[in-house]
Amino acid sequence: MSTSARYWREIPQRYRLEAGKCSGCGAIWFPPRLVCKECGKREFEVVNLPDRGKVQTFTVIRVPPSEFCDQAPYALGVIELENGVLLQCQIADCSPDELSVGMPVRIEFRKIKEEGEAGIICYGYKAVPVRE
Amino acid sequence: MAGIVGYGAYAPRYRIKVEEIAKVWGTDAESYKRGLRLEEKSVPGLDQDVITMSVEAARNALKRARIDPKKIGAVYIGSESHPYAVKPSGTVVGEAIGATPDVHCADFEFACKAGTEGMFVALGLIEAGKMEYALAIGADTSQGAPSDALEYSTAAGAAAFIFGTKDVIAEVTHTFSYMTDTPDFWRREYMHYPRHAGRFTGAPAYFKHIKGAAKAIMEISGKKPEDFAHVVFHQPNGKFPTTVGKQLGFKPQQLETGLLCPRLGNTYSGSSPMGLTAVLDVAKPGEEILMVSYGSGAGSDAFIYRITEKITEVQGLAPKTTDYLDRNKVYIDYGTYAKLRKKIRMGE
Ligand SMILES: [Zn+2]
């Protein structure tokens, strides 16, 4: 399957952070699952994840894949959202030495990558530090 | 009466000072600072474009409107820097805010007035009763050619407005449009940077159209300059709006809140719309606001808004425009700017 087709299929998660909330036990899964890992139920309600959280852990990429080389060095992090759901994404708008565990972040809509000069532009979520 | 039910703005955090650009090209920074009232401008990050800024501005507008995005019947984005030549920015934005699939979508282009064009059409659809809510956005990541006078002002930002008839915060009492064929600024297909006709962009272009629209809308509404608490004009620099305001009989204080250009730059389709968001952030019930956009080519759209008592409920529900301007900003040098704006030719 081409990247474009996979990107298109994941739009609800990439654009709107749509997660699955188990109708049995209330567990929230992102990305959504077909079967709840907690209670085994197969019914889910679509919920949008909150746009605030904090950095749980992060790593700094200094030698990235070629399509991300203009952004290096950049950070990839695990974000603990306000409802406890963990989200893995890039942490943008900061230099890696500003980052710390526990730092408050907001989820913003950003360009993830371009499939070359002539290909599609892939969008999605990134975390950005909240500096209020 | 139809009007704005939610609004929001967005600006990236990167800034470059006029001095930093002047240093590279050996020009006199003071002449831009004093002559054109420009101090610094916003610069988008590598992962930001018209679509990403539009989504953030629209999300802020939704936070204030407190409506189900599925009820939005139209998504209009005005810009001269849509990321795709063919594929509307509104497709991505509409999907990201959850307005799809029962929605009409179109991108608008008209130099710096593409944003108010979308607002004009969105409002018309609401007044015609065609839909419950309509979203209009003005956004740009405009580029000036290196060393061109435009390079000191071309900036990035977005403003979004949701129009409707329920819980209106700013009623639109009058609109007026004024347009002629005036070749003051243009960009041909496949050209990276726009061209402009130098001083020709002043009197027969910006001033003629802004004044034409402003005078006409004041005449049809029976309003005088002193009736408005705030006035927002298109802001290609800090000087033009100040001058046109004076010529039309407005006092500097009436322009102050909405005049963002000196510390933001010219956000093109986002320019007067972002000025309006800054005014709405502080507007009080009963106040009237005049807004006149300008787009080269050339035309102006004028709107008169009357603020309702609902405004105070929504002002604090999303970040204010000045939050984006004053907090969290970081200054970059020309080298970083050239990289962010992709002005450096890379090897294969
Ligand atoms: Zn479960």
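Model, not experiment: these values are computed from the prediction. Along each chain, residues carry numbers from 1 onward, in the same order as the chain's sequence is written. Throughout, the order in which chains and ligands are written sets their labels, letters from A for the former and numbers from 1 for the latter. Two thresholds apply to this predicted model, a pLDDT of at least 70 for residue-level local features and 80 or more for giving and counting side-chain atom pairs, whereas whole-chain, interface and lining totals are computed over all residues. Only heavy atoms go into the side-chain values, all of them from the structure, while hydrogens and water stay out.

(A) Molecular detail of the coordination of the zinc ion. All names here are of chain A. Donors, by definition, are the N, O and S atoms found within 2.8 Å of a metal, the threshold being 3.2 Å for Na, K and Ca, and water is not counted, so a site can look incomplete. Listed as protein donors to the zinc ion are Cys22 (SG), Cys25 (SG), Cys36 (SG) and Cys39 (SG); their distances from the metal cover 2.3 to 2.4 Å. Working rule for geometry: tetrahedral if four donors all subtend angles between 85 and 135 degrees; square planar for four, octahedral for six, if opposite donors exceed 155 degrees and the others stay between 65 and 115; irregular in every other situation. Taken together, the 4 donor atoms coordinating the zinc ion span angles of 99 to 116° at the metal, a pattern that classifies the geometry as tetrahedral. Note on exposure labels: buried denotes an accessible area under 20% of the residue type's maximum, exposed denotes more than 50%, and partly exposed covers the range between, all computed with a 1.4 Å probe on protein chains only. For cysteine 22, a relative accessible area of 3% translates into the label buried. What makes cysteine 39 partly exposed here is its relative accessible area of 38%.

(B) Expanded view of the domain arrangement of chain B. Residue and element names in this part refer to chain B. Partitioning chain B into domains gives domain 1 (3-169 + 320-340) and domain 2 (170-311). Note that the domain bounds reflect an automated or database-derived domain assignment. With centres defined by C-alpha atoms, the gap from domain 1 to domain 2 works out at 16 Å. We call two residues contacting when some pair of their heavy atoms lies within 4.5 Å. Contact residues are listed per partner, giving 58 residues for domain 1 and 56 residues for domain 2. Interface area for domain 1 against domain 2, summed over the two sides, is near 4400 Å², with a carbon-plus-sulfur share of 63%. We define a salt bridge as a side-chain nitrogen of Lys or Arg found within 4 Å of a carboxyl oxygen belonging to Asp or Glu. Counting across the interface, domain 1 meets domain 2 through 4 salt bridges. Two parts placed together each lose some accessible area under a 1.4 Å probe, and the buried area is that loss summed for both.

(C) Summary view of helix α3 (residues 50-65) of chain B. Residues and elements named next belong to chain B. Numbered from the N terminus, helices here are DSSP runs of H or I no shorter than four residues, and strands are runs of E no shorter than two. A helix is expected to reach a length of 1.5 Å times the quantity of its residues less one. For α3, with 16 residues, the first-to-last C-alpha span of 22 Å sits near the 22 Å given by 1.5 Å per residue. One side-chain oxygen at the N-terminal end of α3 lies 2.9 Å from the backbone nitrogen of isoleucine 51; it belongs to aspartate 49. Arginine 66, located one to two residues past α3, shows a positive phi value of around 50°. Definition of a polar contact: a pair of N or O atoms within 3.5 Å, with one able to donate and the other able to accept a hydrogen when the atoms are protein atoms, and with sequence-neighbouring residues admitted only if both atoms are side-chain atoms.

(D) Seen up close, the pairing of strand β6 (residues 133-141) of chain B. All names here are of chain B. With 9 of its 9 residues buried, β6 lies for the most part within the structure. Along β6, one buried face is formed by Tyr133, Leu135, Ile137, Ala139 and Thr141 and the opposite face, lined by Ala134, Ala136, Gly138 and Asp140, is buried too. Whether two strands pair comes down to DSSP finding at least two bridges between them. Taken together, the 6 bridges between strand β4 (residues 72-78) and β6 define a ladder with parallel strand orientation. The residue bridging isoleucine 72 from the neighbouring strand is tyrosine 133, located in β6.

(E) Local environment of the domain arrangement of chain A. Residues and elements named next belong to chain A. Each domain of chain A was delimited in the assignment, giving domain 1 (15-49) and domain 2 (50-132). The interface of domain 1 with domain 2 comprises 6 residues on the first partner and 10 residues on the second. Interface area lost by domain 1 to domain 2 is led by Tyr15, Leu17 and Leu49, which between them contribute 72%. Inspection of the region where domain 1 meets domain 2 yields 0 salt bridges. Any residue outside Ala, Val, Leu, Ile, Met, Phe, Trp, Tyr, Cys, Pro, Asp, Glu, Lys and Arg is labelled polar, Gly included; the first ten of those are nonpolar and the last four are charged. When its residues are assigned to classes, the side of domain 1 that touches domain 2 shows 5 nonpolar, 1 polar and no charged.

(F) Up close: the interface of chain A and chain B. If you look at the interface, chain A gives 21 residues, while chain B gives 24 residues. Carbon and sulfur atoms make up 48% of the area that chain A and chain B hide from each other, which totals about 2000 Å². At the junction of chain A with chain B, the criterion picks out 5 salt bridges. Here Arg110(A) makes a salt bridge to Asp47(B), at a shortest N to O gap of 3.0 Å. At the junction of chain A and chain B, the tally comes to 15 residue pairs in polar contact (both at pLDDT 80 or more). Breaking the side of chain A that touches chain B down by element, the ones donating at least two residues are α2 (11-16), β7 (104-114) and β8 (121-129) of chain A. Counting residues per element, the side of chain A that touches chain B draws most heavily on β7(A), at 5 residues.

(G) Here's a closer look at the environment of Met291(B). Residue and element names in this part refer to chain B. Relative to the elements of secondary structure, methionine 291 occurs in strand β12 (residues 288-292). Along the backbone, methionine 291 and glycine 258 are 33 residues apart, and their C-alpha atoms lie at a distance of 9.5 Å. Among residues more than four places away in sequence, those in contact with methionine 291 are Thr116, Met119, Val232, Ser272, Pro273, Leu276, Asp301, Ala302, Phe303 and Tyr305.

(H) Representation of the sheet that holds strand β11 (residues 230-233) of chain B within the structure. Residues and elements named next belong to chain B. With mixed pairing, 9 strands are arranged side by side in an open sheet as β5-β4-β6-β7-β1-β8-β13-β12-β11. With one partner strand each, in any of the chains shown, β5 (104-108) and β11 form the two edges of the open sheet. On average, each strand axis in the sheet is tilted by 20° relative to the strand beside it, whichever way the strands run. The pairing of β11 with β12 spans 4 bridges and is classified as parallel. Residue pairing in the sheet places valine 231 in a bridge with leucine 290 of β12. Orientation is described by axes fitted as lines to C-alpha atoms, over the contacting stretch for helices, and by angles from 0 to 180 degrees between their N-to-C directions.

(I) Seen up close, the packing of aromatic side chains. The rule is short: rings of Phe, Tyr and Trp, with Trp giving its six-membered ring, pair when the centres are within 6.5 Å, and they are stacked under 30 degrees, edge-to-face over 60, tilted in between. Under the criterion given, the structure shown has 19 aromatic pairs over all chains. Pairing Tyr15(A) with Phe109(A) gives two aromatic rings, centres 5.2 Å apart and planes at 85°, and the pair type is edge-to-face. Placement of Tyr15(A) in helix α2 and of Phe109(A) in strand β7 is noted, with a sequence separation of 94 residues between them. Both residues of the pair, Tyr15(A) and Phe109(A), count as buried. Ring plane angle 75° and centroid distance 6.3 Å describe the contact between Phe120(B) and Phe303(B), whose orientation is recorded as edge-to-face. Residue Phe120(B) is located in helix α5 (residues 114-127), and its partner Phe303(B) is located in strand β13 (residues 297-307); the two are separated by 183 residues in the primary sequence. Taking the relative accessible area as the measure of exposure, Phe120(B) reaches 32% and is therefore partly exposed. Taking the relative accessible area as the measure of exposure, Phe303(B) reaches 0% and is therefore buried. One aromatic cluster in this structure is built from Tyr7(A), Tyr15(A), Phe109(A) and Tyr123(A).

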